[in-house]
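Coordinate inspection notes
The lines below spell out each chain.
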Amino acid sequence: MERLYRNSDNWLDELHKRETALFPPRICSRRLSASQALVQRLGLYGQLNGHQGCVNAISFNSTGELLASGSDDRQIMLWDWAAQKLKLSYQSGHSDNVFQAKFMPFTDDSKIISSSADCQVRLSLRQENGSVETKRLSKHQGRVHSLAIEPGSPYIFYSCGEDGFIQRYDLRSHSATKLFYCSSFAENSRSSSVGLNAMVIDPRNPNYFSVGGGDVYARLYDIRKYQVSASTKEGSPANYFCPCHLFGKDDVRITALAYSNTSELLVSYNDELIYLFQKNMGLGPKFVPPTSEDSPSSPEAQVYSGHRNFRTVKGVNFFGPNDEYVISGSDCGHIFIWKKKGCEVVRMMVGDRHVVNQLESHPLIPILATCGIEKNVKLWSPSSDDITPLPDNVQEIMEGNRQGREDHSRVSFSPDVIMHVLRLHRRQAHVYVERRYNREDSGSDGNDDDDREGYLLGFSDGDPAEDGENPRECNIS
């Protein structure tokens, strides 16, 4: 701790305030944890190895002692991350890739909720004898990428899926209720609903939650406007958030959302950038996408750039005791850390040989967990002896990501086409596996063209896998 004080920003001033009791030790600790010097000391603390597929879900429990992970191997694992030891591994009951695995608060970590590409939302119950029982709570008509727990509640949580529906769950009655669906603005859309990738609840007012997915608009809803009973009606947003230059874009979608502890909304776009909206930057409840001739002006959101978010559904998050930093993974395999105020890149770390997908901050101390295409979870702590500068080739990396975005933007795909291609990729992969096993059973050499078919829509520019890993095993969506 003394070493960190010596190298922190304005350490003499901080130390003086602590010693003269102007700041209590707890406040000094939080201010130190927010220092740029500490962020620049982040280094690899360890790896959690055990999954047989790429890891899509990571989540700390409320005390930060345990970390849950979910993977393409359909396993959920609970880790003593500090000791880097596996405490429990069990079959989730899902029949496809696990996208979310979260502890329900105030349940002594005995209840874990999960969602998957199999469209299910499931509950895992840890028994005293160490066994785990799982059961299905509901099923969407599309993959379920996001779960949101009502702050402080051991019973209430929500899910959203590619079918566009928001569902509410109450574990006291083991009930799941369709609240409403998220409707599309597009007149030529094949569906009246918007497939959803992300949902977050405002920590300062749990009556409000935001969702995002198959178009460019983050929608804010007020739960008090909806009856907790079965419904197939479309929802009426209380507000919309979107950068003006993205109005009407049909080749951009939202992959992730995050709320700060002051209700700022962070929005990450597929093959675009990350934007931070203040509460007063909304477009209003009666917003209608304008034509190019009458595009309105609105307060400009802060913009975080340098990374690339195209090949997978990436998360976005805050870091620091008061959310002083914004963090995201990237297709280039780096973890990007920006100052929230000013949007300056202050740290880049190699987090994966291929793609970094998810990032989760410890609830109490400056520890970061990340995962991606590799079959492990990486842990980061401010353990480096020296302040680490940005990579020498930082400009080349960021320029390569920018060029990739611009090159891809020349080809326009609607969200429906994108989802169709991704589903085709999954079907082709299944066909490939079935044909391979059938050939092995029959002793036939088969047709080489058939072998290649399953990978037609896989990674096109990734590096060859190492150590026998195949990045195409990961769900790309």
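Reading the values: rules and limits
- Residues numbered from 1 in each chain as written.
- Predicted model: local features only at pLDDT ≥ 70, side-chain atom pairs only at ≥ 80, totals over all residues.
- Heavy atoms only, no water.
- Helix = DSSP H or I, 4+ residues; strand = E, 2+ residues; numbered from the N terminus.
- Buried < 20%, exposed > 50% of the residue type's maximum accessible area, 1.4 Å probe, protein only.
- Contact = heavy atoms within 4.5 Å.
- Areas by Shrake-Rupley, 256 points an atom, 1.4 Å probe, with all protein chains shown as cover.
- UniProt positions renumbered as here; feature names shortened; annotations may be inferred.
- Salt bridge = Lys/Arg side-chain N within 4 Å of Asp/Glu carboxyl O.

The protein carries the name DDB1- and CUL4-associated factor 8-like isoform X2 in an unreviewed UniProt entry, which gives Salvia divinorum as its organism.

Time to look at the overall build of the protein. Along the protein, the regular secondary structure elements total seven helices and 28 strands. Here the protein holds 477 residues, and 54% of them are scored as buried. When contacts within the protein are restricted to residue pairs at least 6 apart in sequence, long-range pairs at least 24 apart make up 55% of them. A total of about 21900 Å² of accessible surface is found on the protein, and carbon and sulfur atoms cover 46% of it.

With that out of the way, let us pick up the UniProt feature "repeat: WD" (unreviewed entry) in the protein. Residues given the UniProt feature "repeat: WD" (unreviewed entry) here are residues 48-80. Counting secondary structure, residues 48-80 comes out at 0% helix and 61% strand; the distance between its end C-alpha atoms is 9 Å.

With that settled, the discussion passes to the pattern of salt bridges. Tallied over the entire structure, the rule returns eleven salt bridges. Across the pair Asp 331 and Lys 314 runs a salt bridge whose closest N-O atoms are separated by 2.4 Å. On the criterion of sequence distance, the pair formed by Asp 331 in the loop between strand E23 (325-328) and strand E24 (334-339) and Lys 314 in the loop between strand E21 (302-304) and strand E22 (316-319) is long-range, its members being 17 residues apart. Using a relative accessible area of 9% as the deciding quantity, one classes Asp 331 as buried. Overall, the relative accessible area of 0% leaves Lys 314 in the buried class. The closest approach of N and O atoms between Glu 399 and Arg 402, which form a salt bridge, is 2.3 Å. Residue Glu 399 and its partner Arg 402 are both found in helix H5 (residues 394-409); the two are separated by three residues, about one turn of the helix. Of the residues examined, Glu 399 reaches a relative accessible area of 36% and is grouped as partly exposed. The network of salt bridges with common partners includes Arg 353, Glu 374 and Lys 378.

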